[in-house]
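# Structural description and commentary
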Amino acid sequence: MAAIDGKWALEVATLAGSHHFDVTLITVGSSLTGTAIGPTGPIAIRGGTVSGDTAEFSLDLVAPLPMSLAVTLHVVGNRLTGTAQAGPFPPSTIVGTRTG
């Protein structure tokens, strides 16, 4: 079990405001899978990898605009920080806490 396995409450601070996601993350070796539940419902994590305390994956959003987010997270105990990159937009800051 990797340090990132479990349930997390994430806040993504974008130019359009803050967005909340309840995320479940599961590692098998260096692969990462899981689900992010946001305002539009569940979204499967795609292309997830883990190396040390760093995780990377993509989320394909359907609303308010269809876009793919490239997410990078760094885990320290029961907290995490990171970024989400959506196309040409500036990176958004992510902070999270473990919920389970």
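Residues numbered from 1 in each chain as written. Predicted model: local features only at pLDDT ≥ 70, side-chain atom pairs only at ≥ 80, totals over all residues. Heavy atoms only, no water.

The number of helices and strands found in the protein chain is zero helices and eight strands. In the protein chain, the succession of α and β elements from N to C terminus is β-β-β-β-β-β-β-β. Expected size for 100 residues packed as a compact globule is a radius of gyration near 13 Å; at 12 Å, the protein chain falls within 12% of this value. For the protein chain, the spread of C-alpha atoms along the three principal axes comes to 35 × 25 × 20 Å. A total of 100 residues make up the protein chain; the buried ones form 36% of that total. Intrachain contacts of the protein chain at a sequence separation of at least 6 include 23% that bridge at least 24 residues. Accessible area of the protein chain: about 5,500 Å², with a carbon and sulfur share of 63%. (Helix = DSSP H or I, 4+ residues; strand = E, 2+ residues; numbered from the N terminus. Rg over C-alpha atoms; globule rule 2.2 N^0.38 Å. Buried < 20%, exposed > 50% of the residue type's maximum accessible area, 1.4 Å probe, protein only. Contact = heavy atoms within 4.5 Å. Areas by Shrake-Rupley, 256 points an atom, 1.4 Å probe, with all protein chains shown as cover.)

Another aspect to go through is the environment of Val71. With respect to the secondary-structure elements, Val71 resides in strand β6 (residues 67-76). Among the residues examined, Val71 registers a relative accessible area of 4% and is labelled buried. Sequence-wise, Val71 and Ala55 are 16 residues apart; in three dimensions their C-alpha atoms are separated by 8.0 Å. Not counting chain neighbours up to four residues away, the residues in contact with Val71 comprise Ala55, Glu56, Phe57, Thr83, Ala84 and Ile94.

Within the largest apolar cluster, 24 residues are counted, with the highest numbers of intra-cluster contacts made by Ile4, Phe21, Leu25, Phe57 and Ile94. Of all the elements in the fold, those that place two or more residues in this core are β1 (6-14), β2 (17-28), β3 (31-38), β4 (41-51), β5 (54-61), β6 and β7 (79-86). (Core = buried A, V, L, I, M, F, W, Y, C linked by side-chain atoms within 4.5 Å.)

This paragraph deals with the side chain of Thr27. For Thr27, the position within the fold is in strand β2. Of the polar contacts made by the side chain of Thr27, one reaches the side chain of Asp5; its length is 2.8 Å. (Polar contact = N/O pair within 3.5 Å; in protein donor to acceptor, adjacent residues only side chain to side chain.)

Counted according to the given criterion, the structure contains one salt bridge. Residue Arg46 pairs with Asp60 through a salt bridge whose shortest N-O separation is 2.8 Å. Taken together, the residues span a long stretch of sequence, with Arg46 in strand β4 and Asp60 in strand β5 at a distance of 14 residues. Among the residues examined, Asp60 registers a relative accessible area of 35% and is labelled partly exposed. (Salt bridge = Lys/Arg side-chain N within 4 Å of Asp/Glu carboxyl O.)

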